[in-house]
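Spelled out, the chains give:
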Amino acid sequence: MDRQRRAGLLFVLPALVYFCLVFLVPLIQSIVWSFYRSVPGGTSTFVGLRLYHKVLSDPTFWQAVGNTVTLVLLSVPATVALALAAALGLHRFRSLRWRSACTAMYFLPFSVSLVAAALIWQWIYDPVYGFLNHLIGFAGLPPRKWLQSLELVLPSLALVNVWVRLGFDTIIFLAALQAIPGEYYEAAGIDGASRSQMLRHVTLPLLNPQIVMVSILELIFNFKVFDTVYATTQGGPASASQTVIMLLYDTAFKYFRLGDASVMALFVFLSLLLVTLLQWRLFRRQVEY
Amino acid sequence: MRRGALMILAAVLSAAMLLTVPGPAQTKKLVFWTHWEQNPEFNKFYETRGKEFAQKHGYEVEVVTVPYQGYEAKYLAALVGKSGAPDIFMGMTHHWCGQYDFCDKMPADLAKTWDENLPKYMVSVGKWKGARYGIPIEHGNFQQMYINADMFKKAGLNPDQPPKTLDEWLAAMKKLTILDAKGEPTQVGFALRHKGHPVGITDKFLPFAHAYGARMLSPDLEKATGFANSPEMVAALQFYSDLVLKYKVASLSFPTPEDAFGQKRAAVIFRESWFFGWVRKNAPEVTFKVYALPCGKTCPGAGNLFPWTNLVYKNSPNKQAAWEFMRFISNPKDDLDQHQAQGILPVWTVNLESAYVKSRPDYNSTREMLRQPVPPEYYHPKSNELATAFGEAVVAVIYGKGEPKPLLDGAAAKMDRILKD
């Protein structure tokens, strides 16, 4: 191996070691455990595919999958659309100072710990003292139970996720918008394009890599969401907000069924991998400035 | 250059000497993990007595308080990993010694001491398959009825004559509930647990089930169908859900039961013996009294889902010292001092008639509850999973997702699958 290759290998080695220890080893361990009925501190028995059959035929598991998908569908498009709108708005600011101040405000929730954000929103959603009910009271609307309602719990949690993630996505879009050369808009203007046409035919196609990336990141974040659900509803009421990761956590660490939990972990991993690859394949466009 | 090298050499030699010269004898540590974060004085007691223990045995005690939320994961990781695991830890015997094999069996003489000095209903706490592993640490870990005396008076009820039966209790709850113009309660009679993990929901519902003569599992803990969905259980759950949906004497809009009681939004709560300390600290303006739970077909009695004990880790290199420490504090005086410091009930039978216990507001109610028949116990290794399946049905009914019978049938079938698995 020549010197340059060796240097390259040394540069990537820390990341490679980290990846192996934190991701690869647990992944392999999960695959192995999914075939064993294991008792921590005790013996493990090989059970073949029995745990796969058990988990995948359990209605509780599919209800959790359904809740997770609903949460993803409520959160991801809203976050991406709102972040794009916010970035477009911020991009129009002429004053750099105001743009920076507003960007920082958008970004602030992202820097808050998820548990803290969940607790803040728990107070906002409180049916008795909550700010939100107080607010809708001004409009003459009746108070809602939000997190304690079977129908509203998932939209309420989706709103928390949107609030938390909006700033991060906005920053990415804003950076991408700033990288689009102004000449494209000038040329479009000379050709008589309206603003909406410029958005549709210049901005959005050039933002495609960022839109795809942000959508994938949001999909992964929302599919794996745990902290906010755990801190606010613990999967309730009546399992209406129990996500796959919540169920996985309970299965592993409350019921101590590590084999069953490993099957769920693999399901999450493979689902995300599949959807991400599909998204990448279907929506990714090559962009050159 | 040579001078510099000499100085470095001298520094290295000095450091080496410092490292090799024997210092004063070092005290070793017993690491104690607990998740009773609400009882800091109780936990501190181990460290205080640990200092005295160190003088005799050379081991101090270091208490690590692990947050209750998710404590199982942290315990499990440490106990499986062995390194970084505690010498002593707090937990439920049927989980850590039954479902798992993490516990050291208690020395026979110490086990005898505990067996002889526990209240009758607690003797099984800390045991797995007849052998004692754990030291029970919480007496009064069963629900009692806390009432807001002022709210009772305001509703025309006598706080010194609490409801004794479920019928009387329901009538009182109706009087204590205030509805707004839209028919929604602004004040409720009963602070009902409707949030959080289903295990907690089950725990709070079981006294009603037991008062109806129902039980969650068969006596041998091997079957749920016929028990979790028995006619008595269905009737109990119907009564429980009627409190919310029909009579509106309990509300799903209210916060946790403790907060609702502390904020004077609920007049009655069923809680364990530690709760009066909580009220005094967090809602000192609430005047309350404590009574035994009302009875139905039978009385709910002193039972619980969470029999907390102190356990010794079987792979601990210090397990002998850990047992010595346990022996060191296994006496009536330490039992009283430790529990009194936190304001909770002591465990030793002899202390149940101490001046401290007699001065507590729950003295009479505790005695009355202990006189009632011991309710069913569910100390099964899969109790968390079973209680979750059951609690999911309970919470589904109170949220109006279905009728008690089909939901309990489903829960019982699921519980049987868990038991067979």
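Since the model is a prediction, treat every value here as computed from it, not as a measurement.

Secondary structure assignment for chain B yields 17 helices and 12 strands. Projected onto its principal axes, the C-alpha coordinates of chain B cover approximately 95 × 50 × 50 Å. Counting the 421 residues in chain B, one finds 50% classified as buried. For chain B, the share of sequence-separated contacts (at least 6 apart) that also reach a separation of at least 24 residues comes to 74%.

Helix and strand content of chain A: 13 helices and two strands. Oriented by its inertia axes, the alpha-carbon framework of chain A measures out at about 75 × 75 × 30 Å. Burial statistics for chain A: of 289 residues in total, 33% are counted as buried. Across chain A, contacts joining residues at least 24 apart in sequence account for 70% of those joining residues at least 6 apart.

Residue and element names in this part refer to chain A. Interhelical geometry of helix α7 (residues 153–179) versus helix α10 (residues 208–223) gives an angle of 160 degrees and a closest axis separation of 10 Å. The pairing of α7 with α10 is recorded here as roughly antiparallel in orientation. For the pair α7 and α10, the crossing hand works out as right-handed. Across from Asn161, Arg165, Asp169, Ile172, Phe173 and Ala176 in α7, the residues of α10 making contact are Gln210, Val214, Glu218, Phe221 and Asn222. The residue makeup of the contact of α7 with α10, split by class, is five nonpolar, three polar and three charged.

What holds strands together in a sheet is hydrogen bonding between their backbones, with the strands either parallel or antiparallel. All names here are of chain B. Pairing is mixed in the open sheet, where five strands are placed in the order β8-β9-β10-β7-β11. In this open sheet, the two edge strands, each paired with only one partner strand, are β8 (178–179) and β11 (288–291). Bridging between strand β7 (residues 144–148) and strand β10 (residues 266–271) involves four bridges; their strand directions are antiparallel. If you follow glutamine 144 over to β10, its bridge partner there is arginine 271.

We now examine the sheet that holds strand β6 (residues 135–136) of chain B. Residues and elements named next belong to chain B. The five strands are arranged β2-β1-β3-β12-β6 in an open sheet whose pairing can be described as mixed. This sheet does not close on itself; its edge strands, each paired only once, are β2 (59–65) and β6. Here strand β1 (residues 28–34) runs beside strand β3 (residues 88–92); their pairing, made up of two bridges, is parallel. Its bridge partner being in β3, phenylalanine 32 is matched across the sheet by isoleucine 88.

For the rest of this paragraph, the subject is the pairing of β1 of chain B. Residue and element names in this part refer to chain B. Taken together, the seven bridges between β1 and β2 define a ladder with parallel strand orientation. Across the sheet, phenylalanine 32 pairs through a bridge with valine 63, a residue of β2. Handedness of the β-α-β unit built from β1, helix α2 (residues 40–57) and β2 comes out right-handed.

For the rest of this paragraph, the subject is the environment of tryptophan 280 of chain A. All names here are of chain A. Tracing the chain through its elements places tryptophan 280 in helix α13 (residues 258–283). Looking at tryptophan 280, the number of C-beta atoms within 10 Å reads 13, which means it is partly exposed. Residues tryptophan 280 and valine 263, spaced 17 residues apart in sequence, show a C-alpha to C-alpha distance of 25 Å.

Here the focus is the domain arrangement of chain B. Residue and element names in this part refer to chain B. Split by domain assignment, chain B resolves into domain 1 (28–136 + 306–371) and domain 2 (144–302 + 378–420). Just the C-alpha atoms count here: the centres of domain 1 and domain 2 sit 29 Å apart. Every contact between the two is made by 17 residues of domain 1 and, on the other side, 16 residues of domain 2. Broken down by secondary-structure element, the contributors of at least two residues to the side of domain 1 that touches domain 2 are α4 (93–99) and α15 (363–371).

Turning next to the environment of threonine 251 of chain A. Residue and element names in this part refer to chain A. Counting through the fold element by element, threonine 251 comes out in helix α12 (residues 244–253). The buried category is assigned to threonine 251, around which 24 C-beta atoms lie within 10 Å. Those residues within four positions of threonine 251 in sequence are excluded, and the remaining contacts are Arg257, Asp260, Ala261 and Met264.

All names here are of chain B. Phe275, Phe276 and Val279 are the residues of helix α11 (residues 275–282) that are buried. For α11, the arc enclosing every buried residue in end-on projection is 100 degrees, short of the 170-degree limit, so these residues lie on one face. Elements in contact with the buried residues of α11: β7, α10 (257–262), β10 and β11.

All names here are of chain B. With five of five residues buried, β3 is to be regarded as a mostly interior element. Of the pairings in the sheet, the one linking β3 to strand β12 (residues 308–312) comprises five bridges and is antiparallel in character. Pairing of methionine 90 across the sheet is with asparagine 310, part of β12.

Looking now at the nonpolar core. Residues and elements named next belong to chain B. Counting 182 residues, the largest nonpolar core has Phe190, Ala191, Ala228, Ala266, Val268 and Phe390 as the members making the most contacts within it. Counting contributing residues per domain, this core is built from domain 1 (28–136 + 306–371) and domain 2 (144–302 + 378–420), each supplying no fewer than three. In this structure, alanine 266 is in contact with Val188, Phe190, Ala191, Phe254, Pro257, Ala260 and Phe261, ignoring residues within four places of it in sequence.

This next bit is on the environment of leucine 237 of chain B. All names here are of chain B. Relative to the assigned elements, leucine 237 resides in helix α9 (residues 231–245). Each C-alpha atom of the pair leucine 237 and asparagine 315 lies 44 Å from the other, and the pair is 78 residues apart in sequence. Look past the residues within four positions of leucine 237 in its chain and what remains in contact with it is Val394, Val397, Pro404 and Leu408.

Cut-off values and rules
- Residues numbered from 1 in each chain as written.
- Chains lettered and ligands numbered in written order.
- Predicted model: local features only at pLDDT ≥ 70, side-chain atom pairs only at ≥ 80, totals over all residues.
- Helix = DSSP H or I, 4+ residues; strand = E, 2+ residues; numbered from the N terminus.
- Buried ≥ 20, exposed ≤ 12 C-beta atoms within 10 Å, placed from the backbone.
- Contact = placed C-beta atoms within 7 Å.
- Axes fitted to C-alpha atoms, helices over the stretch in contact; angles between N-to-C directions.
- Parallel < 35°, antiparallel > 145°, perpendicular 65-115°, else oblique.
- Left-handed = near helix turned anticlockwise from the far one by under 90°.
- Nonpolar A, V, L, I, M, F, W, Y, C, P; charged D, E, K, R; others polar.
- Pairing = 2+ DSSP bridges.
- Right-handed = clockwise from strand over helix to strand, strands pointing away.
- Domains from an automatic or database assignment.
- Arc of directions from axis to C-beta.
- Core = buried A, V, L, I, M, F, W, Y, C linked by C-beta atoms within 7 Å.

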